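Examining the three-dimensional arrangement
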2 protein chains.
Amino acid sequence: MTVYLVGAGPGDPDLLTVKGARVLAAADVVVVDRLVDRRVLEPIGPGALVVDVGKTAHDGASWRTQAAINELLVAHGRTGALVVRLKGGDPYLFGRGAEELAALVDAGIEVEVVPGITSALGVLALAGIPATLRGVASSVTIVSGHSADGAETKWRHIARAGGTLVLLMAVANRMRIATQLMEAGVSATTPVAVIERGATPYERRLASTLGELGDLHVEAPAVIVVGDVASHLVRSDSEAVLSAALSPTE
Amino acid sequence: MTVYLVGAGPGDPDLLTVKGARVLAAADVVVVDRLVDRRVLEPIGPGALVVDVGKTAHDGASWRTQAAINELLVAHGRTGALVVRLKGGDPYLFGRGAEELAALVDAGIEVEVVPGITSALGVLALAGIPATLRGVASSVTIVSGHSADGAETKWRHIARAGGTLVLLMAVANRMRIATQLMEAGVSATTPVAVIERGATPYERRLASTLGELGDLHVEAPAVIVVGDVASHLVRSDSEAVLSAALSPTE
């Protein structure tokens, strides 16, 4: 009885790990989140049961709490089926993978974590942005901008730590976060890059500044990068890649 | 003429991406770093030229500067061969991938970045440590502890940002870093986990505290995790996984 907690990566099924693709192809049951790109489900065999636990409340009774998801994983895990719990990005970075692992272990079910590429870094790289760069940024902080985490997040110190800042789940609170960063001394002219629906065919890239972030039209899900490396954002065509890579900021 | 900058992931070849494995199998030339686990080279075809640019100086003339590596990539790229530049972890997180990309673009050679799982997150997940955890850590800062970056790293603010701290290339400076963090107010009893040679058969896991980190025997390469999530470190056998997952910190 093994349940695999698998990171689906940022969206492109080519960025799933070799192991993730293999257990997905062998799975009897796949429990999947809303934020997982549908193309990542392609390796799943025709006989597998796919349970979508991420459906939003408006389509009826299918919306599930974390406790209900845990119970579902335990129930399927107990049948002896090969169960894959597929989560967007990496299961252990804002993925609540540790909570699901604890519930499964508590029930005596063997669990294995298969890491994935977090959107916070993968989406950046695909958009031309290095999270760190010699002489520019020697650290990166990845932080949730979700309101529930707002109180405990020490924006003042995050702002002054001086590295690249990657905001996830921060679209709704982007104005408040930008204000707090500027109040902590980060310049309004600091480059900001916004990548909506990164690593999917619907990806949209926006170059901005911290001062303009609050007024920028952004739709979730998006990755927001604050820091000098954000100036490396390139458009999707190779000409733009070329000009950006040759820009004075390199 | 395309050069692929591929992230090899943390060590286990199963954690290479599907795309990384595919371009590696098709490669004419593979330029590889010392820190890349040799098992990751298995998909490479028998006819491919493998250039190891990470050999240390003691074995003669094979040690290369970054400029020499850039020149090598450009020279191979110009031949029209399918060139893979394989880098440990992710090429855009302390990987100097952006510098190599710039050199190649400058020479008119098309480059594609294939992200990999950074050791900073992948090695943690495999050792049972979630980088973030609801109610415990809502951010993670990944920072280089290399001496060259020491001056510009603002340990005081990093310490007070309050999230999980992941130190890479910090073995040599661990005493100094621990002292600076404690001077900035981080408790000496803060849990620390050290994972040497993560995701390899030689992996070694150590549970410690910030106060003890300086005196702990650690060999590079290692990932050092500072923060309450570090208490989730588990040993490799499943019994230990079970007891750790059931511990009061969960």
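About the cut-offs
- Residues numbered from 1 in each chain as written.
- Chains lettered and ligands numbered in written order.
- Predicted model: local features only at pLDDT ≥ 70, side-chain atom pairs only at ≥ 80, totals over all residues.
- Heavy atoms only, no water.
- Helix = DSSP H or I, 4+ residues; strand = E, 2+ residues; numbered from the N terminus.
- Buried < 20%, exposed > 50% of the residue type's maximum accessible area, 1.4 Å probe, protein only.
- Contact = heavy atoms within 4.5 Å.
- Areas by Shrake-Rupley, 256 points an atom, 1.4 Å probe, with all protein chains shown as cover.
- Buried area = accessible area lost by both parts, 1.4 Å probe.
- Salt bridge = Lys/Arg side-chain N within 4 Å of Asp/Glu carboxyl O.
- Least-squares fit on C-alpha atoms with pLDDT ≥ 70 in both.
- pLDDT = per-residue confidence, 0-100.
- Pairing = 2+ DSSP bridges.
- Axes fitted to C-alpha atoms, helices over the stretch in contact; angles between N-to-C directions.

1. Examining the overall build of chain A
Secondary structure summary: chain A contains nine helices and ten strands in total. For chain A, with 250 residues in total, the buried portion stands at 60%. For chain A, long-range pairs separated by at least 24 residues make up 65% of all intrachain contacts whose partners lie at least 6 apart in sequence. Surface summary for chain A: the accessible area is close to 10000 Å², and the carbon and sulfur share equals 52%.

2. Here we look at the interface of chain B and chain A
A common way to express how large an interface is: the accessible area buried when the components associate. In this assembly, 56 residues from chain B lie in contact with 55 residues from chain A. Across the chain B/chain A interface, buried area totals approximately 4800 Å², and carbon plus sulfur atoms make up 64% of it. Three residues stand out in chain B for area buried against chain A, namely D14, Y92 and S138 of chain B, and they jointly supply 13% of the buried area on that side. Remark: the boundary between chain B and chain A carries four salt bridges.

3. A short note on the relation of the copies chain B and chain A
Placing chain B over chain A gives an RMSD of 0.0 Å and needs a rotation angle of 180 degrees, together with 0.0 Å of translation along the axis. Such values leave the two copies arranged in the relation of a two-fold axis. A high fraction, 98%, of the interface residues of chain B reappear at the interface in chain A, so the copies pair face to face through one surface.

4. Some words on the confidence of the model for chain A
All names here are of chain A. Residues with a pLDDT of 70 or more make up 87% of chain A, whose mean pLDDT is 86. Counting contacts from residues 57-62, a segment whose pLDDT is below 50, to residues more than four positions away or on other chains yields three contacts. Within the model, pLDDT remains below 50 along residues 237-250, and this stretch shows 19 contacts once partners closer than five positions in the same chain are excluded. Among the prediction metrics, the complex's ipTM stands at 0.89, with pTM recorded as 0.89.

5. Let's talk about the side chain of S208 of chain A
Residue and element names in this part refer to chain A. Relative to the helices and strands, S208 resides in strand β9 (residues 204-209). According to the relative accessible area criterion, S208 is buried, its value standing at 8%. Apart from the residues within four sequence positions on either side, S208 is in contact with T190, P191, V192, L213 and L216.

6. Structural notes on the pattern of salt bridges
Residue and element names in this part refer to chain A. Scanning all chains against the criterion turns up 22 salt bridges over all chains. Notably, a salt bridge pairs D52 with R38, separated by 3.2 Å at the nearest N-O pair. Pair noted here: D52 is in strand β3 (residues 49-52) and R38 is in the loop between β2 (29-32) and β3, with a separation of 14 residues, a long-range link.

7. Remarks on the sheet that holds strand β5 (residues 110-114) of chain B
Residue and element names in this part refer to chain B. An order of β3-β2-β4-β1-β5 is seen for the five strands of this open sheet, with the pairing classed as parallel. Strands with a single pairing partner mark the edges of an open sheet, and in this sheet they are β3 (49-52) and β5. With strand direction ignored, the average angle separating the axes of adjacent strands in the sheet is 20 degrees. Note that strand β1 (residues 2-7) and strand β4 (residues 83-87) share five bridges and pair parallel.

8. Here's the deal with the sheet that holds strand β5 (residues 110-114) of chain A
Residues and elements named next belong to chain A. The five strands lie next to each other as β3-β2-β4-β1-β5, forming an open sheet whose pairing is parallel. With partners counted over all chains shown, the strands left at the sheet margins are β3 and β5, one partner each. Averaged over all neighbouring strand pairs, the angle between strand axes comes to 20 degrees, with direction disregarded. For strand β1 (residues 2-7) and β5, the ladder comprises five bridges, and the chain directions are parallel. For T2, the partnering residue across the bridge sits in β5 and is E110. Along the sheet, helix α2 (residues 66-78) contacts β1, β2, β3 and β4 (83-87); its crossing angle with β4, the most-contacted strand, is approximately 150 degrees.

9. Here's the deal with helix α1 (residues 18-26) of chain B
Buried within α1 of chain B we find K19, G20, A21, V23 and L24 of chain B. Summarising the contacts, the buried residues of α1 of chain B are in contact with α1 (18-26) of chain A together with β1, β2 (29-32), β4 and β5 of chain B.

10. What to know about the pairing of β2 of chain A
All names here are of chain A. Taking every second residue as pointing to the same face, both faces of β2 are buried, with V29 and V31 on one and V30 and V32 on the other. In this sheet, β3 lies alongside β2 in parallel orientation, the contact comprising four bridges. Paired with V31 across the strands is V51, a residue of β3. The sheet contact formed by β2 and β4 spans four bridges and is parallel. Each bridged residue has a counterpart across the sheet, and for V29 the counterpart in β4 is V83.

11. Some thoughts on helix α4 (residues 119-126) of chain B
Counted residue by residue, α4 of chain B has six buried out of eight residues, so it is predominantly covered. When α4 of chain B is considered as a whole, its buried residues turn out to be A120, L121, G122, V123, L124 and A125 of chain B. Along its buried surface, α4 of chain B packs onto β5 and α4 (119-126) of chain A together with β6 (139-144), β7 (164-168), β8 (191-196) and β10 (222-226) of chain B. Once α4 of chain B finishes, G128 of chain B follows within two positions and takes phi at roughly 90 degrees, a positive value.

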